[in-house]
Amino acid sequence: MENYFIPDPLKINDPFSDEIFCHFDKVIKDKKNHRFILSVSGGSDSILLLFLFIKYFKGNNDKLVICHINHHLRSDSDIDQSFISILGEKLNIRTYIKNLNPNEIPKGDSVEAWARESRYDYLNSVMTKTSADWVVTAHHANDQAETIFMNISEKTGLFGLGGMKEINNKIIRPLLPFPKDFLMGIIEKYSIPYVVDSSNNNINYKRNFIRNVILNPWQKNNLNLIDAITQVGNNFHEWQESILYFTKDFILKNSLKNEDGSFIIRKTELKKLPKLA
């Protein structure tokens with residue numbers, strides 16, 4: 001692992017990465033003085049995210065922190081951890097690693113839910129410890145499509161159909177508009193190393209089932225599938241924002257504030273609201 005060739009992130013320079021950097025300008029340009037926790041699993045997406053952030057911040061790595069969580073759900077997960085440790089050292093970026101114990105999964109919880117909750121708990125703790133401002137994840141358009149399908153399988157409402165938000169509280173997902181194959185093109189162009197998670201092929205996990213059994217075969221017959229699904233998600237997200245805006249406007253116009261800070265709204269006015277509101 002020590003012999004991995006680590007290309008210089010500052011040499012990334014092509015029209016495809018420029019497209020991503022233009023999007024970064026919209027999402028994080030006004031946050032350049034902030035500190036970012038990068039959630040890095042070792043897979044292609046998160047490693048590319050790391051390299052792109054180094055390039056975007058022009059090598060000013062003191063604003064970046066690597067965070068890796070070893071869930072120990074695979075016998076070879078220590079390889080990922082070792083890779084991240086070496087990468088952090090060679091790139092001179094502060095690196096935090098957390099080891100989890102699958103034997104501590106609460107009874108009745110799914111492995112996926114436990115892993116996600118534990119991961120974000122640790123990311124938040126590192127954010128506090130390092131006085132960071134944001135957690136950054138490498139979710140991309142394919143992940144968004146999978147999330148929307150997962151939400152549908154769980155009988156989601158309007159908000160679930162919108163999928164993940166690009167900025168949600170202190171989490172930023174700056175690669176969300178870009179499909180997997182677009183990102184892999186940059187990985188391959190610069191020979192950026194990464195590790196492969198063998199559990200990605202385990203269709204006992206709901207997300208993997210949706211990816212490998214539903215979306216990937218479907219995409220072979222419809223090359224625009226991911227773009228179509230994410231566009232639908234964007235439409236639902238816009239509807240969400242509209243409903244929230246008009247609901248807030250309705251409350252301001254039709255409520256009376258009590259001395260204790262609570263609000264009263266007439267039933268007659270509530271009955272006028274459309275069903276979705």
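Residues numbered from 1 in each chain as written. Predicted model: local features only at pLDDT ≥ 70, side-chain atom pairs only at ≥ 80, totals over all residues. Heavy atoms only, no water.

Colleague: Any details on the overall build of the protein? Residues and values, ideally.
Modeller: Along its length, the protein carries ten helices and eight strands. For the C-alpha atoms alone, the extent of the protein along its principal axes is close to 70 × 45 × 45 Å. A buried classification covers 44% of the 277 residues belonging to the protein. Sequence separation of 24 or more characterises 75% of the internal contacts of the protein that already satisfy a separation of 6 or more. (Helix = DSSP H or I, 4+ residues; strand = E, 2+ residues; numbered from the N terminus. Buried < 20%, exposed > 50% of the residue type's maximum accessible area, 1.4 Å probe, protein only. Contact = heavy atoms within 4.5 Å.)

Colleague: Quick rundown of the environment of N61? Include the residues and the values.
Modeller: With respect to the element layout, N61 can be found in the loop between α2 (44-56) and β2 (64-70). Between the alpha carbons of N61 and R35 there is a distance of 9.6 Å; along the sequence they are 26 residues apart. Residues contacting N61, with those up to four places away along its chain left out, are I54, L91, N92 and I93.

Colleague: Residues and numbers for the sheet that holds strand β4 (residues 134-136), please.
Modeller: The six strands are arranged β3-β2-β1-β4-β6-β5 in an open sheet whose pairing can be described as mixed. The open sheet terminates on both sides in strands that have one partner only, identified here as β3 (94-99) and β5 (167-168). Packing of helix α4 (residues 111-129) onto the sheet brings it into contact with β1 (36-39), β2, β3, β4 and β6 (171-172), and relative to β2 it is tilted by some 150°. (Pairing = 2+ DSSP bridges. Axes fitted to C-alpha atoms, helices over the stretch in contact; angles between N-to-C directions.)

Colleague: Break down the nonpolar core for me, citing the residues and quoting the values.
Modeller: Formed by 41 residues in total, the largest nonpolar core has its most connected members in I20, F24, I28, F36 and F53. Those elements that place two or more of their residues in this core are α1 (15-28), β1, α2, β2, α3 (77-91), β4 and α7 (180-189). By residue number, the principal contributor to this core is α2, which donates nine residues. Those residues within four positions of F53 in sequence are excluded, and the remaining contacts are F24, I28, F36, L38, L64, V136 and P174. Grouped together as the second largest cluster of nonpolar side chains are 16 residues, V65, L100, A115 and I171 included. (Core = buried A, V, L, I, M, F, W, Y, C linked by side-chain atoms within 4.5 Å.)

Colleague: Describe a nonpolar patch on the surface, and please don't skip the residues or the numbers.
Modeller: A contiguous nonpolar surface patch, about 230 Å² in accessible area, is contributed by I203, F209 and V213. Tracing the chain through its elements places I203 in the loop between α7 and α8 (206-221). Residue class for I203 comes out partly exposed when judged on its relative accessible area of 41%. (Patch = residues over 30% accessible without salt bridge, like charges linked within 9 Å, V, L, I, M, F, W, Y side chains within 5 Å. Areas by Shrake-Rupley, 256 points an atom, 1.4 Å probe, with all protein chains shown as cover. Salt bridge = Lys/Arg side-chain N within 4 Å of Asp/Glu carboxyl O.)

Colleague: Go over the pairing of β3 with me, naming the residues and quoting the values.
Modeller: It is a general feature of regular strands that their side chains alternate between the two faces of the sheet. Across six bridges, the pairing between β2 and β3 is parallel. Residue pairing for β3: I69 is matched across the bridge by K98. Each parallel crossover has a hand, and the one from β2 via α3 to β3 is right-handed. (Right-handed = clockwise from strand over helix to strand, strands pointing away.)

Colleague: Which residues make up the packing of aromatic side chains, and what values go with them?
Modeller: The final tally for this structure, using the stated rule, is twelve aromatic pairs. Between F21 and F24, the aromatic rings sit 6.0 Å apart at their centres with planes inclined by 70°, giving edge-to-face as the arrangement. Of this pair, F21 and F24 are both found in helix α1, three residues apart, which corresponds to roughly one turn of the helix. A single burial state applies to F21 and to F24, both of which are buried. Ring centres of F236 and W239 lie 4.9 Å apart, and the angle between their planes is 80°; this geometry places the pair in the edge-to-face category. (Phe/Tyr/Trp six-rings, centres within 6.5 Å; stacked < 30°, edge-to-face > 60°.)

Colleague: Residue-level account of the packing of α1 against α7, with values.
Modeller: Look at α1 against α7: their axes get within 9 Å of each other, and the N-to-C directions meet at 120°. What the angle tells us is that α1 and α7 run oblique. Like other packed secondary-structure pairs, α1 and α7 cross with a definite hand, here left-handed. Every residue of α7 that contacts α1 at F16, S17, E19 and I20 is listed here: F182, L183 and I186. For the contact of α1 with α7, the class distribution of residues is five nonpolar, one polar and one charged. (Parallel < 35°, antiparallel > 145°, perpendicular 65-115°, else oblique. Left-handed = near helix turned anticlockwise from the far one by under 90°. Nonpolar A, V, L, I, M, F, W, Y, C, P; charged D, E, K, R; others polar.)

Colleague: Pulling in residues and values, what's your account of the pairing of β1?
Modeller: Here β1 shows two buried faces, one formed by F36 and L38 and the other by I37 and S39. Inspection of the sheet shows β1 paired to β2 by four bridges, in the parallel sense. In the strand pairing of β2, L38 is matched with I66. Bridge count for β1 against β4 is three bridges, and the pairing is parallel. Bridge assignment links F36 to a residue of β4, and that residue is W134.

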